[in-house]
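Read off the chains here:
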Amino acid sequence: MATTSSRRTVDLPIALDAGIPNQASRIHAALRVAIVDGRLRPGLKLPSSRALAEQFGLSRNAVVAAYEQLLGDGLAEARQGSGTYVADDLPAAQSAAAPARLDVETLPSRAFALGRTHVDGGLLRQFGASVRRHVVAASAEQLGYGDPRGSLKLRAEIARHLASSRGIRCDPGCIMITGGTQQGLRLCAEALLSPGEAIWLEEPGYYAAHGTLRAAGMRLIPVPVDGEGIRVSDGRALAPLARAAYVTPSHQFPTGVTMSMARRVALLDWASAAQAWIIEDDYDSEFRYAGPPLTALAGLGGERVIYSGTFSKTLFPSLRLAYLVLPRAIAEQVIKARSAADRFPPAFLADAVADLMSNGMLAAHLRRARLRYRQARETVASALGQASRGRLRVVVPPQGLHLVAYLPAGLPIDAGARIRAMAAVETRLLSEASLSPGGMEGFILGFSGHDSRDLTAAARRLGQAADAYIADSGVATD
Ligand SMILES: Cc1ncc(COP(=O)(O)O)c(C=O)c1O
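None of the values given here were measured: they were computed from a predicted structure.

Draft legend 1. Structural detail: the overall build of the protein. Across its full length, the protein carries 15 helices and 14 strands. Its C-alpha atoms give the protein principal-axis dimensions of about 90 × 55 × 45 Å. Relative to its full complement of 478 residues, the protein shows a buried share of 49%. Carbon together with sulfur atoms contributes 52% to the accessible area of the protein, which is approximately 22300 Å² in total.

Draft legend 2. Spotlight on the sheet that holds strand 11 (residues 393-395). Taken in spatial order, the 4 strands of this open sheet run 11-12-14-13, and their pairing is antiparallel. Two strands bound the open sheet, and with one partner strand each, they are strand 11 and strand 13 (428-429). Where strand 12 (residues 402-406) meets strand 14 (residues 442-446), 5 bridges bridge the pair, whose relative direction is antiparallel. For Tyr406, the partnering residue across the bridge sits in strand 14 and is Gly442.

Draft legend 3. Examining the packing of aromatic side chains more closely. For the coordinates displayed, the defined rule picks out 8 aromatic pairs. Where Trp200 meets Trp270, the ring centres are 3.8 Å apart and the plane angle is 15°; that geometry is what we call stacked. With a gap of 70 residues between them, Trp200 in strand 4 (residues 198-203) and Trp270 in helix 10 (residues 261-274) connect regions that are remote in the sequence. This pair shows no difference in class: Trp200 is buried, exactly as Trp270 is. For the pair Phe287 and Tyr373, a centre-to-centre distance of 5.3 Å together with 50° between the ring planes defines the contact as tilted. Within this pair, whereas Phe287 is found in the loop between strand 8 (277-281) and strand 9 (305-310), its partner Tyr373 is found in helix 13 (residues 361-387), the two being separated by 86 residues in sequence. The pair formed by Phe287 and Tyr373 is uniform in burial state, with each residue classed as buried. Every member of this aromatic cluster is reached through a ring pair, and the members are Tyr206, Tyr207, Phe253 and Tyr283.

Draft legend 4. Inspection of a nonpolar patch on the surface at higher detail. A cluster of nonpolar residues, Met261, Val265 and Leu300, forms a patch on the protein surface that exposes about 240 Å² of accessible area. In this structure, Leu300 sits in the loop between strand 8 and strand 9. Owing to a relative accessible area of 32%, Leu300 belongs among the partly exposed residues under this scheme.

Draft legend 5. The arrangement of the layout of surface pockets in detail. As a volume, the largest pocket reaches approximately 840 Å³. Around the largest pocket, the lining is made up of 35 residues, and of these Leu107, Gly115, Tyr206, Tyr207 and Ala208 lie nearest the centre. When contributions to the lining of the largest pocket are tallied by element, the ones reaching two or more residues are helix 7 (181-192) and helix 8 (207-215). It is helix 8 that contributes the most residues to the lining of the largest pocket, 3 residues altogether. For the lining of the largest pocket, the class distribution of residues is 14 nonpolar, 13 polar and 8 charged.

Draft legend 6. How the structure looks around the pattern of salt bridges. Scanning all chains against the criterion turns up 24 salt bridges. Here Glu77 makes a salt bridge to Arg79, at a shortest N to O gap of 3.4 Å. By relative accessible area, which is 27% here, Glu77 ends up partly exposed. Put simply, Glu426 and Arg110 hold a salt bridge, and the shortest N to O gap is 3.7 Å. Remark: Arg110 occurs in the loop between helix 4 (92-95) and helix 5 (121-136) and Glu426 occurs in the loop between helix 14 (415-423) and strand 13; sequence separation between them is 316 residues. Owing to a relative accessible area of 47%, Arg110 belongs among the partly exposed residues under this scheme. What emerges from the salt-bridge pattern is a single network uniting Asp226, Glu228, Arg231, Asp234 and Arg263.

Draft legend 7. Representation of the site of the ligand in the model. The local shell around the ligand consists of Gly180, Thr181, Gln182, Tyr206, Tyr246, Phe253, Asp281, Tyr283, Thr310, Ser312, Lys313 and Arg320. Between the ligand and Thr181 there is a distance of 2.6 Å, counted from an oxygen atom to a side-chain nitrogen or oxygen. The protein chains hide 92% of the 400 Å² of surface that the ligand would expose on its own. Under a 2 Å grid-point criterion requiring more than half of the atoms, the pocket assigned to the ligand is the largest pocket. Across the shell around the ligand, the residue classes break down as 4 nonpolar, 5 polar and 3 charged.

Draft legend 8. Seen up close, unusual backbone geometry. At the junction of Glu203 and Pro204, the peptide bond is cis and its omega measures out at -5° in the coordinates. Positionally, Pro204 belongs in the loop between strand 4 and helix 8. Note the cis peptide between Phe253 and Pro254, where omega equals 5°. Of note, Pro254 is situated in the loop between strand 7 (244-247) and helix 10. Although it is not a glycine, Gln275 sits at a positive phi angle of roughly 55°. Unusually for a residue other than glycine, Arg389 sits at a positive phi of about 50°.

Draft legend 9. The environment of Lys45, seen in detail. Summarising the element assignment, Lys45 is placed in the loop between helix 1 (23-36) and helix 2 (49-56). In this structure, the C-alpha to C-alpha distance between Lys45 and Leu124, residues 79 residues apart in sequence, is 47 Å. Only 2.8 Å separates the side chain of Lys45 from the backbone oxygen of Ser82, close enough to count as a polar contact.

Draft legend 10. Seen up close, the environment of Ser151. In this fold, Ser151 is placed in the loop between helix 5 and helix 6 (152-165). In this structure the C-alpha to C-alpha distance between Ser151 and Asp351, which are 200 residues apart in sequence, comes to 6.4 Å.

What counts, and where the lines are drawn
Residues numbered from 1 in each chain as written. Predicted model: local features only at pLDDT ≥ 70, side-chain atom pairs only at ≥ 80, totals over all residues. Heavy atoms only, no water. Helix = DSSP H or I, 4+ residues; strand = E, 2+ residues; numbered from the N terminus. Buried < 20%, exposed > 50% of the residue type's maximum accessible area, 1.4 Å probe, protein only. Areas by Shrake-Rupley, 256 points an atom, 1.4 Å probe, with all protein chains shown as cover. Pairing = 2+ DSSP bridges. Phe/Tyr/Trp six-rings, centres within 6.5 Å; stacked < 30°, edge-to-face > 60°. Patch = residues over 30% accessible without salt bridge, like charges linked within 9 Å, V, L, I, M, F, W, Y side chains within 5 Å. Salt bridge = Lys/Arg side-chain N within 4 Å of Asp/Glu carboxyl O. 1 Å grid on protein atoms, 1.4 Å probe; cavity = no way out; pocket = protein on both sides within 12 Å on 5 of 7 lines; lining within 4 Å. Points joined across faces, edges and corners; volume = space filled by probe spheres on them. Nonpolar A, V, L, I, M, F, W, Y, C, P; charged D, E, K, R; others polar. Near = heavy atom within 4 Å. Polar contact = N/O pair within 3.5 Å; in protein donor to acceptor, adjacent residues only side chain to side chain. Sits in = over half its atoms within 2 Å of the grid points.

Structure, rendered in structure tokens:
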């Protein structure tokens with residue numbers, strides 16, 4: 001409650017702008033802003049003019065004038081014999097800012113949306129408890145600005161994990177924790193590439209990487225993908241002197257192809273001859289359903305390979321934790337770019353993820369999630385196959401959290417979009433993951449983190465819509 005005594009100093013949560021020369025205008029502006037943004041609530045009694053004048057070392061006349069102005073604005077009201085109050089009914093436009101109408105892209109979330117993972121309550125409780133432990137036991141040093149590479153604890157766990165499961169031997173000192181794959185990509189572009197330089201991208205490919213690299217001013221060179229991965233010979237023909245290639249060799253996004261050993265060798269050979277960087281995005285290798293895991297490109301000894309991993313699939317995307325493994329020669333350069341950007345992601349979250357790795361909880365979670373996701377993959381593939389009566393070619397991937405259902409060739413260019421609208425499903429199209437027109441069309445279908453009944457219903461709708469559309473078009477299914 002504001003004081004009514006003119007002798008006591010008052011403590012209004014306002015700050016005066018010394019740049020406003022006139023005392024009355026200065027106090028009026030400060031009070032006006034505080035009322036409009038809600039710091040001084042409706043009905044609050046304002047201090048007497050004498051008390052306020054004393055608090056800010058202003059003349060009493062200036063405060064009286066400011067109060068009169070507030071009364072004129074309708075922001076204050078005088079009550080006979082009692083003083084001045086913040087108005088009970090503030091003019092509508094003053095009490096709340098009009099909602100801004102901004103065109104902000106939010107990602108789909110219903111069945112088939114990518115970027116969803118299973119919500120495991122037990123794991124989240126453990127994770128939350130771990131974050132809490134780190135926060136309450138934090139030292140002054142841990143509460144300060146730290147190493148721009150991020151949590152050493154997490155980097156050490158990542159190095160152990162990569163050595164045992166991806167064939168990559170790396171020093172935790174060359175690992176950098178980032179706020180997601182896109183941020184890592186952006187930092188690599190900033191530190192190692194110059195705007196206007198060419199970078200090879202798989203076609204079709206990861207649309208978010210397209211956006212990041214375009215924003216960094218890179219010249220995007222779409223290089224076709226076939227059954228062995230990126231066609232290195234095409235890349236050499238299109239842009240032999242490109243400065244970098246961004247690839248997903250373990251599980252090409254979105255087609256699901258695993259890059260053959262011959263292509264891996266060809267890509268490494270090109271990079272070393274062209275002195276180019278390969279950015280290997282190994283985003284979902286923890287979810288392999290058949291066959292042994294393949295050694296990462298970075299594990300083949302490429303000093304020109306920057307390896308990128310993420311916790312968005314193994315845990316969940318809103319964590320915003322990913323990492324880069326940097327070749328020694330460029331580590332300092334990229335880490336400098338990191339310092340200049342925002343230093344590092346929240347250390348308590350990173351330390352808690354390290355706990356889940358070291359106590360085996362993450363590995364146990366992944367074993368359970370793998371079974372669940374494999375089941376979801378079967379559910380979608382079989383419902384789509386049946387409902388489309390074989391008209392969609394459904395490719396069941398050996399790895400990952402999405403599959404692709406291809407449309408036959410020869411349909412109109414907007415066939416995918418029309419079928420998607422008919423089926424009312426949220427799915428990305430292959431054409432939306434492509435930089436150039438004219439490639440195969442199909443649906444990129446995320447199956448992780450969704451209820452299996454929703455997946456089945458959505459797969460049936462999509463399959464039936466595709467069947468009806470294709471039958472109508474007269475195009476034969478290949
Ligand atoms: C190819 C690819 N890379 C990386 C990611 C993860 O990105 P982030 O770490 O920014 O969440 C995804 C997520 O869907 C992806 O599809």
